[in-house]
Amino acid sequence: MNIKLANTLFDDGVFSAMYKAGFITTKVFTYREIYLWVNAQVKTRGITKNLAVLEAEVKFMKDERTIWRALNSFDDK
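Residues numbered from 1 in each chain as written. Predicted model: local features only at pLDDT ≥ 70, side-chain atom pairs only at ≥ 80, totals over all residues. Heavy atoms only, no water.

1. Considerations on the packing of aromatic side chains
Part 1 of the argument: Following the criterion strictly, the structure yields five aromatic pairs and no others.
Part 2 of the argument: A ring pair is formed by W37 and F60, whose centres lie 5.9 Å apart and whose planes are at 85°; its orientation type is edge-to-face. Here W37 is found in helix 3 (residues 27-45), whereas its partner F60 is found in the loop between helix 4 (49-59) and helix 5 (64-73), with 23 residues between them in sequence.
Part 3 of the argument: Since its relative accessible area comes to 14%, F60 is described here as buried.
Part 4 of the argument: Seen from the ring of F10, R32 lies directly overhead, with NZ or CZ sitting 3.9 Å from the centre. (Phe/Tyr/Trp six-rings, centres within 6.5 Å; stacked < 30°, edge-to-face > 60°. Helix = DSSP H or I, 4+ residues; strand = E, 2+ residues; numbered from the N terminus. Buried < 20%, exposed > 50% of the residue type's maximum accessible area, 1.4 Å probe, protein only. Lys NZ or Arg CZ within 6 Å of the ring centre and 35° of its normal.)

What follows is the structure, encoded as structure tokens:
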């Protein structure tokens with residue numbers, strides 16, 4: 001999914017409505033937060049994506065593979 005589209009759906013409350021209706025799980029929110037956090041760390045701190053993933057693993061208390069799965073769920077295009 002395109003991250004810009006996901007942000008728009010989040011800002012417009014579509015994701016929240018879909019969650020309340022039972023169409024999506026909290027995974028969408030978590031993956032989006034992980035994606036945005038990792039990209040922010042890479043851009044603002046100038047660290048490598050691999051290092052940001054390792055830090056995200058601790059911050060979000062998720063397995064490294066889950067962090068990569070979250071990053072691969074979205075694209076910038």
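2. Concerning the nonpolar core
Part 1 of the argument: One finds I34, V38, A56, I67, L71 and F74 to be the most contacted residues of the largest nonpolar core, which totals 19 residues.
Part 2 of the argument: Breaking this core down by element, the ones donating at least two residues are helix 1 (3-11), helix 3, helix 4 and helix 5.
Part 3 of the argument: In this structure F74 touches M1, I3, A6, Y31, R32 and Y35, once residues within four positions along its chain are discounted. (Core = buried A, V, L, I, M, F, W, Y, C linked by side-chain atoms within 4.5 Å. Contact = heavy atoms within 4.5 Å.)

3. Some details on the confidence of the model for the protein chain
Part 1 of the argument: When pLDDT is averaged along the protein chain, the result is 95; 99% of the residues meet or exceed 70.
Part 2 of the argument: Confidence scores differ between elements of the protein chain, with helix 1 showing the lowest mean pLDDT of 94 and helix 4 the highest of 98. (pLDDT = per-residue confidence, 0-100.)

4. With respect to unusual backbone geometry
Part 1 of the argument: A positive phi angle is found at M61, which is not glycine, with a value near 55°.
Part 2 of the argument: Counting through the fold element by element, M61 comes out in the loop between helix 4 and helix 5.
Part 3 of the argument: Residue classification places M61 among the exposed positions, given a relative accessible area of 75%.

5. Details of helix 4
Each α-helix winds once per 3.6 residues, and so residues spaced three or four apart point in a common direction.
Part 1 of the argument: Of all the positions in helix 4, only A52, V53 and A56 are classed as buried. One side of helix 4 holds all its buried residues, which, seen down the axis, span an arc of 105°.
Part 2 of the argument: The elements touched by buried residues of helix 4 are helix 3 and helix 5.
Part 3 of the argument: A positive phi of about 55° marks M61, the residue just after helix 4. (Arc of directions from axis to C-beta.)

6. Some remarks on the side chain of R32
Part 1 of the argument: When you line up the elements, R32 lands in helix 3.
Part 2 of the argument: D11 is the oppositely charged side chain nearest to the buried, salt-bridge-free R32, at an N-O distance of 4.6 Å.
Part 3 of the argument: Residues within four places of R32 in sequence aside, it is in contact with I3, A6, N7, F10 and F74. (Lys, Arg positive; Asp, Glu negative; His and termini not counted. Salt bridge = Lys/Arg side-chain N within 4 Å of Asp/Glu carboxyl O.)

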